[in-house]
Amino acid sequence: MRPHIIRMHPSDNVAIVANDGGLPAGTALPNGLTLLTTVPQGHKVALVDLPAQSPVLRYGIPIGHAIQDIPAGTWVHERLLHMPQARELDHLPMATVKSPEMSPLAGYTFEGYRNADGSVGTRNILAITTTVQCVAGVVDFAVQRIKQELLPLFPHVDDVVGLEHTYGCGVAIDAVGAEIPIRTLRNISLNPNFGGEVMVVSLGCEKLQPERLMPAGSIPINDQRGEALDVVCLQNEAHVGFMSMVNSIVQQARRHLERLNARRRETVPASELVVGVQCGGSDAFSGLTANPAVGFCSDLLVRAGASVMFSEVTEVRDAIEQLTSRAVNPQVAQAMVDQMAWYDSYLARGRVDRSANTTPGNKQGGLSNIVEKAMGSIIKSGTAPIQGVLAPGDKLQHKGLTFAATPASDFICGTLQVAAGMNLHIFTTGRGTPYGLAPVPVVKVATRTDLARRWHDLMDINAGRIADGEASIEELGWEMFHYLLEVASGRQKTYAEQWKLHNALVLFNPAPVT
Ligand code: CA
């Protein structure tokens, strides 16, 4: 294969080696340069001589400064770079960029399940909410029985899911920050894919009582029907023996399954999509192929009137200037700054430094530091103006592009996006992760063809074709957009759905445990 290097921005003084297996020393590059060292795939090569202290530019911004002289044609890895300091949060450009005019995209639809609160599900799932980890084993047992005995009787229901977590007791439930896991759990139970059919399994003596988790008025469909919260309490004296508890759960589940089974998909506008985007196991290709394609797709979704969320505070923190400037107004920009400031102090409490994000795999994949990772990460958000900012665990309120503040941890980010009301998830990966969620279809996008080839039955879309020169970012973005509508309609199942790959829901709990 001919040598292939990719430069992201005209002012960049490094480029990324695209070839599988990298390129050996002595390779003549298309720009006339000869490699002085071996450069692995996804890693940077100096395009010009970089004197010590000079900035190394990728995406047109300095991702670091050279520790020593780096001759043109040399591998530029993280050990040759000083990482720049994080941008202070004062004097940022607030809502200064006028977003490009985006013409509306009309006429795109999908087949979804319309809910009582106006939201639309892409799947029809019975979720069993739990107040506390203590009940997880019993709920798991009951869910297996429901799947075996009941689910075949209700063919219009896709799945039964126990919403298990490690919260609920042994925690300082009134501490500052405890509201985050509690509202997260509440809002997960109200995810559009669960049809408003909330049932709760409680132990009885736990700190997080059912009425605190789901206060009166929190379930729109119950209000309409005049129903109270449906709770199975394991410590209830009526239960004699384990099987009695299981039978109660199965019996209550039947009522909800009957109602869910009566629902049918109907044609709804693409504006009912609530798409969460995220990356995990990133490499230098993430910001070159998959994330730019997701960004293009995100713009298409916004043009179609849909909601798109991007997240992962520690992976966008270094791009804060670009985000505050893209905010639709100064209030939204300030809300973004407030979330970043809160997270800065959260990290400082744990005396965490900036090397905490970027994993060994990220570095092996060519990402030198968090600055480079952040620039490749925010491309997922496309070019639309940022309409809103969501605090962790809150429910999304408006259309367009939103910054949902979450940790970058795949499971915590995914869990918080489920709570926000996501009905479709796009997940890009370069190193590869078999990530999946039970409540929401996860569309996985590979950044490299080599990964897509090896993980052919895990990766739904191969964005490596962009690096291979076989597809443009625009073509792949459109392909993704159409694919999302197919998945949303239930006509297409993702690999994570096919294999039932379900990572745990992980609540973000910044408050103390006791
Ligand atoms: Ca992540």
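So, here is what we can say about the structure in this document. (Residues numbered from 1 in each chain as written. Predicted model: local features only at pLDDT ≥ 70, side-chain atom pairs only at ≥ 80, totals over all residues. Heavy atoms only, no water.)

A separate point is the coordination of the calcium ion. Protein-derived ligands of the calcium ion are Q278 (OE1), C279 (O), E312 (OE), A408 (O) and D410 (OD), with the metal-ligand distances lying across 2.3 to 2.5 Å. Along the chain, the residues donating to the calcium ion fall in the pattern Q-C-x32-E-x95-A-x1-D. Residue C279 is located in strand β15 (residues 274-279), and its partner E312 is located in the loop between β16 (307-310) and α7 (313-316); the two are separated by 33 residues in the primary sequence. Per residue, the accessibility class of C279 equals that of E312, and both read buried. (Donors = N, O, S within 2.8 Å, 3.2 Å for Na, K, Ca; no water. Helix = DSSP H or I, 4+ residues; strand = E, 2+ residues; numbered from the N terminus. Buried < 20%, exposed > 50% of the residue type's maximum accessible area, 1.4 Å probe, protein only.)

The next point concerns the side chain of R263. On the secondary structure map, R263 appears in the loop between α5 (242-261) and β14 (266-269). At 6.8 Å, E197 is the nearest oppositely charged side chain to R263, a buried residue that forms no salt bridge. A distance of 3.1 Å separates the side chain of R263 from the backbone oxygen of R114, its partner in a polar contact. For R263, the contacting residues outside a window of four places in its chain are Y113, R114, N115, N124, H156 and G195. (Lys, Arg positive; Asp, Glu negative; His and termini not counted. Salt bridge = Lys/Arg side-chain N within 4 Å of Asp/Glu carboxyl O. Polar contact = N/O pair within 3.5 Å; in protein donor to acceptor, adjacent residues only side chain to side chain. Contact = heavy atoms within 4.5 Å.)

On to the sheet that holds strand β6 (residues 75-76), then. Read from one edge to the other, the open sheet built from four strands follows the order β1-β2-β3-β6, with strand pairing classed as antiparallel. The sheet terminates laterally at β1 (5-6) and β6, the two strands that pair on one side only. In the sheet, strand β2 (residues 14-17) pairs with strand β3 (residues 44-46) via three bridges, with the strands oriented antiparallel. Bridge pairing in β3 places A15 opposite V45. (Pairing = 2+ DSSP bridges.)

Further remarks concern the state of the cysteines. On inspection of all chains with the given rule, the structure shows zero disulfides. C169 takes part in no disulfide bond, and the closest cysteine sulfur to it belongs to C134, at a distance of 6.1 Å. No disulfide involves C279; its sulfur sits 8.6 Å from the nearest other cysteine sulfur, which is in C413. (Disulfide = S-S within 2.5 Å.)

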